Amino acid sequence: LPSVLCLGDCQLQTPCRIQKCTTDFVSLTSHLNSALEGFDLEFCKALRAYSACTYRNSKVCRGNLVYHSAVLGISDLMSQRNCSKDGPTSSTNPEVTHDPCNYSGHTEAREHQGGEKAHPTTYLFCGLFGDPHLRTFKDHFQTCKVEGAWPLIDNNYLSVQVTNVPVVPGSSATATNKITIIFKSYQDCTDQKVYQAVTDDLPAAFVDGTTSGGDGNTKSLRIVEKVSGKYVEMHAKYIGTTVYIRQLGHYLTLAIRMPQELVMAYEESQDLQLCVNGCPSSERIDDSGHLPLPVMGQLLPQGGAAHPWSVYTLETATTKCHEKILMKDIYFYSCVFDLLTTGDANFTAAAHSALQDVEALHPRKEHWHIFPSNGGGGVGKGSKFFVGLGLVCLILVVFL
């Protein structure tokens, strides 16, 4: 598979918009009359807005002579009119006043400009944890093999790649031991930033040693360490995106929330994205999106372990998972599956943390919990058990 990494040429080309800055300044001042009271106040507000616009375009316009002339002209006018550099700016034009590095403000700006109420931003959630279990942006739940490096996300703003390795000898079940994230360069909000985590090395900084992106105090992209070496968060304000990465036991988990319009901003050649389209059918080890594990079943010999390397029986695995996850949703059954597969109790914490991340990041509370059903494709509140035969088939597929 081709790597999604493109450390050399992932930047979006943004044109210099100094002409737009100048046009906005003219529109803000053309109606002002120097003979009237309050002229200096309004003119200085327009100048500060003009200056802010040039500052936002400083990187993309650095080789533009018109831009440098405008910067000098603003300085001269501020001196002539005794304008302070700090103070209010004109709010007539949303292009001038809204922060281009704050995604949540974009909707309001578009609404003001278009004269119509804009649709609320739709956010999507994707998560990966455990053996590994994938929850896609479409809220489909899958358990996959996907050994090696695979792209979770690859759009015009963000690339996320995970590497999965076998968990136990002789099994096709894998877990994540490496995560690489590329925040692609965007206007003057941030330069390209690369983050990489591997087992036992979960840094609180990007690979270049920095902890944030963006000029000055804007911090449009930042890393926050929650638990040293175990849990970090990344907040990309300029694209409205939040990422959680945790290490539990020897493996990593990931959860992300991103605006739908940015999730879908990718080329046809970038269609291999697990968060968008799920795992290829050849890599799936679940049954129609759900793990066919029973709530009550007699599939294993009484008192017998699931596999030679597992210390858990179906009963003890169910009890262990119930200590952390009270509701018997798909996260609970993923926990049971992982314990029976690996015997590693850390997967209990991984399933529990994954559910916590859903509750923190998923925008729709009614979709937090996914429940299994007999048919494997729907959500049934009255579901009391999975088809027991499915577990036998799954064990044969995974371990033969």
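As the structure is a computational prediction, the values presented were derived from the model and not from experiment. (Residues numbered from 1 in each chain as written. Predicted model: local features only at pLDDT ≥ 70, side-chain atom pairs only at ≥ 80, totals over all residues. Heavy atoms only, no water.)

Overview of the overall build of the chain
Here comes step 1: If you tally the helices and strands in the chain, you get eleven helices and twelve strands.
Here comes step 2: Within the chain, buried positions represent 49% of all 400 residues.
Here comes step 3: For the chain, the share of sequence-separated contacts (at least 6 apart) that also reach a separation of at least 24 residues comes to 60%.
Here comes step 4: Per element, the accessible surface of the chain, about 19,100 Å² overall, is 52% carbon and sulfur. (Helix = DSSP H or I, 4+ residues; strand = E, 2+ residues; numbered from the N terminus. Buried < 20%, exposed > 50% of the residue type's maximum accessible area, 1.4 Å probe, protein only. Contact = heavy atoms within 4.5 Å. Areas by Shrake-Rupley, 256 points an atom, 1.4 Å probe, with all protein chains shown as cover.)

Let's talk about the sheet that holds strand β9 (residues 221-227)
Here comes step 1: Pairing in this open sheet of eight strands is antiparallel, and the strands run β3-β2-β1-β12-β11-β10-β9-β8 from one edge to the other. Taken across any chain shown, the strands that pair with only one partner, and hence form the sheet edges, are β3 (141-143) and β8 (212-213).
Here comes step 2: In this structure, strand β1 (residues 123-129) lies alongside strand β2 (residues 133-135), joined through three bridges in antiparallel fashion. What sits directly across from L128, in β2, is L134. (Pairing = 2+ DSSP bridges.)

Things to note about the packing of aromatic side chains
Here comes step 1: In this structure the tally under the stated criterion is twelve aromatic pairs.
Here comes step 2: Look at F25 and F43: their rings are 5.8 Å apart centre to centre, the planes differ by 70°, and that puts the pair in the edge-to-face class. Of this pair, F25 sits in helix α1 (residues 18-29) while F43 sits in helix α2 (residues 39-56), and the two are 18 residues apart along the sequence. The burial state of F25 is the same as that of F43; both residues are buried.
Here comes step 3: Members of the aromatic cluster, joined through ring pairs, are F25, F39, F43 and Y50.
Here comes step 4: Here the guanidinium or amino end of R81 rests over the ring plane of F43, the centre of that ring lying 5.6 Å away. (Phe/Tyr/Trp six-rings, centres within 6.5 Å; stacked < 30°, edge-to-face > 60°. Lys NZ or Arg CZ within 6 Å of the ring centre and 35° of its normal.)

Considerations on the sheet that holds strand β5 (residues 158-166)
Here comes step 1: Here four strands make up an open sheet; going across it, the order is β4-β5-β6-β7 and the pairing antiparallel. Of all strands in the sheet, those with a lone pairing partner are β4 (148-154) and β7 (193-198), marking the two edges. Going across the sheet, the axis of each strand differs from the next one's by a mean of 20°, ignoring polarity. (Axes fitted to C-alpha atoms, helices over the stretch in contact; angles between N-to-C directions.)

What to know about the environment of V224
Here comes step 1: Tracing the chain through its elements places V224 in strand β9.
Here comes step 2: Sequence-distant contacts of V224, defined by excluding residues within four places in its chain, comprise V232, E233 and H235.

Re the packing of helix α9 (residues 330-342) against helix α10 (residues 346-361)
When two helices pack together, their arrangement is given by the angle between their axes and by how far apart the axes lie.
Here comes step 1: Contact geometry of α9 with α10 gives a least axis separation of 8 Å together with a crossing angle of 160°. Our classification of the angle between α9 and α10 gives roughly antiparallel. The interaxial crossing formed by α9 with α10 has right-handed handedness. Counting all contacts with α9, which are made through Y331, C335, D338, L339 and T342, the residues of α10 involved are F347, T348, A351, A354, L355 and V358. (Parallel < 35°, antiparallel > 145°, perpendicular 65-115°, else oblique. Left-handed = near helix turned anticlockwise from the far one by under 90°.)

Digging into the pattern of salt bridges
Here comes step 1: Evaluated as defined, the whole model comprises nine salt bridges.
Here comes step 2: Its salt-bridge partner being R135, residue D139 comes within 3.0 Å of it at the nearest N-O pair.
Here comes step 3: We classify D139 as partly exposed; its relative accessible area is 24%.
Here comes step 4: Relative accessible area serves as the criterion here: at 1%, R135 is assigned to the buried category. (Salt bridge = Lys/Arg side-chain N within 4 Å of Asp/Glu carboxyl O.)

What about the state of the cysteines?
Here comes step 1: Under the counting rule described, the total for this entry stands at seven disulfides.
Here comes step 2: Between the sulfur of C16 and that of C61 lies a disulfide, 1.9 Å long from S to S. Between C16 and C61, the S-S torsion sits near 105°, and that sign places the bridge as right-handed. A residue pair is termed long-range when its members are at least 10 positions apart, and C16 in the segment before α1 and C61 in the loop between α2 and α3 (65-80) qualify at 45 residues.
Here comes step 3: In this structure C61 comes out as buried when scored by relative accessible area, which is 0%.
Here comes step 4: C126 shares a disulfide with C275; S-S distance 1.9 Å. Between C126 and C275, the S-S torsion sits near -80°, and that sign places the bridge as left-handed. (Disulfide = S-S within 2.5 Å.)

Section: α2
Here comes step 1: Spanning 18 residues, α2 covers 26 Å between terminal C-alpha atoms, matching the ideal 26 Å at 1.5 Å per step.
Here comes step 2: Among the residues of α2, those classed as buried are F39, F43, C44, K45, A46, L47, R48, A49, Y50, C53, T54 and R56. (Expected span 1.5 Å × (residues − 1).)

Re the packing of α1 against α2
Here comes step 1: Contact geometry of α1 with α2 gives a least axis separation of 9 Å together with a crossing angle of 170°. If you check the angle between α1 and α2, you find them roughly antiparallel. Between α1 and α2, the residues in contact are I18, C21, T22, F25, L28 and T29 and F43, A46, L47, A49, Y50, C53 and T54, respectively.
Here comes step 2: Here the residues of the contact of α1 with α2 are counted per class, giving ten nonpolar, three polar and no charged. (Nonpolar A, V, L, I, M, F, W, Y, C, P; charged D, E, K, R; others polar.)

Read these as layout, nothing more, since geometry by itself doesn't imply function.
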